[in-house]
Amino acid sequence: MSFTPFGLEEWQSRYEHTVAYNLADSGCHPVALSELLGDDPEAVDRLLASSLHYPPVGGTDALRALIAAWHGATADNVLVTVGAAEANAITIAGLVDPGDHVVVMEPGYRQVRGLALNAGAEVDAFPLDPGHQWRPDLDALNRVVRPGTKLIAVTNPNNPVGAILTPSEVDAIVAAAERVGAWILADEVYRGTERLTDEVTPSFWGRYDKLVCVGGLSKAFGLPGLRLGWLVAPPWLREAAWRRHEYATIAAASLSMHLAEIALRPATIDRLLTRNRSLIRDGYTRLQQWIDRSEGLLSIAPPHATALGFVRYHLPRPSIEIAHAIREHGDVLVGAGAHFGVEHHLRITHGLAVGYVDAALSSITRVLNSL
Ligand SMILES: Cc1ncc(COP(=O)(O)O)c(C=O)c1O
């Protein structure tokens, strides 16, 4: 059986620990455990006293209730998983059969695309339009969605371009799915990373009945090392996904669930989102200044969310080649546009320590000027 590897993740796992500067990760500078626990004097004692039994397989009741509140759902809709990655994987495994038709957004994080191809599905993409600030091309969506389309996958806010769907674009995507009875998989891991507003992007939850929302702590919360994610689905589908979760991982880690219960308390949510939005806002300003200094070599349609810049370079060379040159000669890892389905771009993470980002960007400039 043919297998489509996950190009971006392979790139990161091969090279992220071989460079001085890693601008290929997709979140902000991670939160330290001490920062998460904050100034609660008893938090450390509670953590040290926590038992290391198998946790409840679907997630603790308290955690599922907090996740439900984040999406406006109920705890019966929620399954806690090992990262959003597992949530996407078991959703596709449960919904997509060989020969099914799946529609994805591009440029995009290509996990769902690869999972669907590996499940034997036919996959079409609808573009986010670089000529229109990466707005979704809804005519293209309506052309590719056809009777029998099984699933439409969207990421909102988007990785890598940081676009946020407008209410009318959400309506159009729901209408396209409704027209043919397709499922929607809404990957919402970047909710909470808004750059231009403090308003959290609305969840798709409640907009449609054949819907799965995916989320996790890796991006807006700055806690990727916990490997804690979730899916929100109608109860029967949540049960079906749970059966697959038992095969795949049994459960997320009990310590991660304990810490996730802290992260998702309303007061901690505010604290973490404020911290990460500040990294995103400062980081983007510096990225934009760096692009402005490039004298036309680089350009960008400014992202509305995420710690990412999807930067267009104006050189007639493939993105993997450019990214390899930056890695080998600049000691910096960035994502290549080809990993997201669109050439002549680099995905650059800027929501990190200012000095680190500045040094890495200078190094990239040196390499680009030498090409
Ligand atoms: C859109 C999207 N979904 C899912 C994931 C996986 O996230 P997690 O760390 O929660 O497994 C990523 C990671 O980059 C992502 O960008």
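Each chain has its residues counted from 1, following the order in which its sequence is written. Whole-chain, interface and lining totals are the exception, using all residues; otherwise, since this is a predicted model, local features are given only for residues with pLDDT of at least 70 and side-chain atom pairs are given and counted only at 80 or more. In computing side-chain values, all of the structure's heavy atoms are included and hydrogens and water are not.

Student: Explanation requested: the overall build of the protein in the structure shown.
Tutor: Each helix corresponds to a stretch of at least 4 residues labelled H or I by DSSP, and each strand to a stretch of at least 2 residues labelled E; elements are numbered beginning at the N terminus. Helix and strand counts for the protein stand at 13 helices and 14 strands. Within these notes, the globule rule equals 2.2 Å times the number of residues to the 0.38 power, and the radius of gyration is based on C-alpha atoms. Compactness check: the protein gives a C-alpha radius of gyration of 20 Å against a globular reference of 21 Å for 371 residues, within 12% of the reference. Principal axes of the C-alpha set define a box for the protein whose edges measure 60 × 55 × 40 Å. Partly exposed residues are those whose accessible area sits between 20% and 50% of the maximum for their type, while under 20% is buried and over 50% is exposed, using a 1.4 Å probe and protein chains only. The buried share of the protein, taken over its 371 residues, is 56%. Partitioning the contacts of the protein with sequence separation of at least 6, the portion at a separation of at least 24 is 73%. In this description, contact between two residues means that some pair of their heavy atoms is separated by no more than 4.5 Å.

Student: I would appreciate a short explanation of the side chain of Thr 268 in the present structure.
Tutor: Within the element layout of this structure, Thr 268 appears in helix H11 (residues 266-292). Beyond its immediate sequence surroundings of up to four residues, Thr 268 is in contact with Leu 36, Ile 262 and Ala 263.

Student: Please explain helix H6 (residues 111-118) as it appears in this structure.
Tutor: Residues spaced three or four apart along an α-helix face the same direction, because each turn holds 3.6 residues. Three or more residues of H6 are buried, namely Gln 111, Val 112, Gly 114, Ala 116 and Asn 118. Residues of H6 that are buried make contact with helix H5 (83-95), strand E3 (101-106), strand E4 (122-129), strand E6 (149-155) and strand E7 (183-187).

Student: Hey, could you run me through the packing of aromatic side chains in this one?
Tutor: For any pair of aromatic rings, geometry is given as the distance between the ring centres together with the angle between the planes. Aromatic rings from Phe, Tyr and Trp, taking only the six-membered ring of Trp, are treated as a pair when their centres fall within 6.5 Å; an angle between ring planes under 30 degrees marks them as stacked, one over 60 as edge-to-face, and anything in between as tilted. Under the criterion given, the structure shown has seven aromatic pairs. Aromatic pair Phe 6 and Tyr 109: ring centres 5.1 Å apart, planes at 70°, arrangement edge-to-face. Taken together, the positions of Phe 6 in the segment before helix H1 (7-15) and Tyr 109 in the loop between E3 and H6 put the pair 103 residues apart, joining distant regions of the chain. The partly exposed category is assigned to Phe 6, whose relative accessible area is 23%. Residue classification places Tyr 109 among the partly exposed residues on the basis of a relative accessible area of 25%. Pairing Trp 183 with Trp 236 gives two aromatic rings, centres 5.9 Å apart and planes at 70°, and the pair type is edge-to-face. Pair noted here: Trp 183 is in strand E7 and Trp 236 is in helix H9 (residues 235-248), with a separation of 53 residues, a long-range link.

Student: Help me out: how do you make sense of the sheet that holds strand E10 (residues 298-299) in this one?
Tutor: Strand pairing within a sheet occurs via backbone hydrogen bonds; the two strands may be parallel or antiparallel. Read across the open sheet, the four strands follow the order E10-E11-E14-E13; overall the sheet is antiparallel. Each edge of the open sheet carries a strand with a single partner, namely E10 and strand E13 (335-336). When DSSP finds at least two bridges between two strands, those strands are taken to pair.

Student: Help me understand the sheet that holds strand E5 (residues 135-136) in this model?
Tutor: Taken in spatial order, the eight strands of this open sheet run E2-E9-E8-E7-E6-E3-E4-E5, and their pairing is mixed. Looking at the sheet topology across the chains shown, the edges are occupied by strand E2 (78-81) and E5. Only the contacting stretch of a helix is used when fitting its axis, a line to C-alpha atoms as for every element, and angles between N-to-C directions run 0 to 180 degrees. Those strands touched by H5 are E2, E6, E7, strand E8 (211-216) and strand E9 (229-232), and its axis lies near 35° from that of E9.

Student: In this structure, what is going on with the domain arrangement of the protein? I would like to understand it.
Tutor: Interface size is commonly expressed as the accessible area that is lost once the parts come together. As far as domains go, the protein holds domain 1 (7-32 + 269-370) and domain 2 (42-265). For domain 1 and domain 2, the distance between their C-alpha centres works out to 24 Å. With 28 residues of domain 1 in contact, the opposing surface of domain 2 contributes 34 residues. Accessible-area loss on putting two parts together, using a 1.4 Å probe and summing over both, is the definition of buried area adopted here. Taken as a group, Ile 269, Arg 277 and His 304 account for 22% of the area that domain 1 buries against domain 2, more than any other trio of residues on that side. Any carboxyl oxygen of Asp or Glu within 4 Å of a side-chain nitrogen of Lys or Arg constitutes a salt bridge here. Remark: the boundary between domain 1 and domain 2 carries three salt bridges. The partner of Arg 277 in a salt bridge is Asp 198, and the shortest N-O contact between them spans 3.9 Å. When contributions to the side of domain 1 that touches domain 2 are tallied by element, the ones reaching two or more residues are H1, H11, strand E11 (308-313) and strand E14 (345-349). The domain boundaries here were taken from an automatic or database domain assignment.

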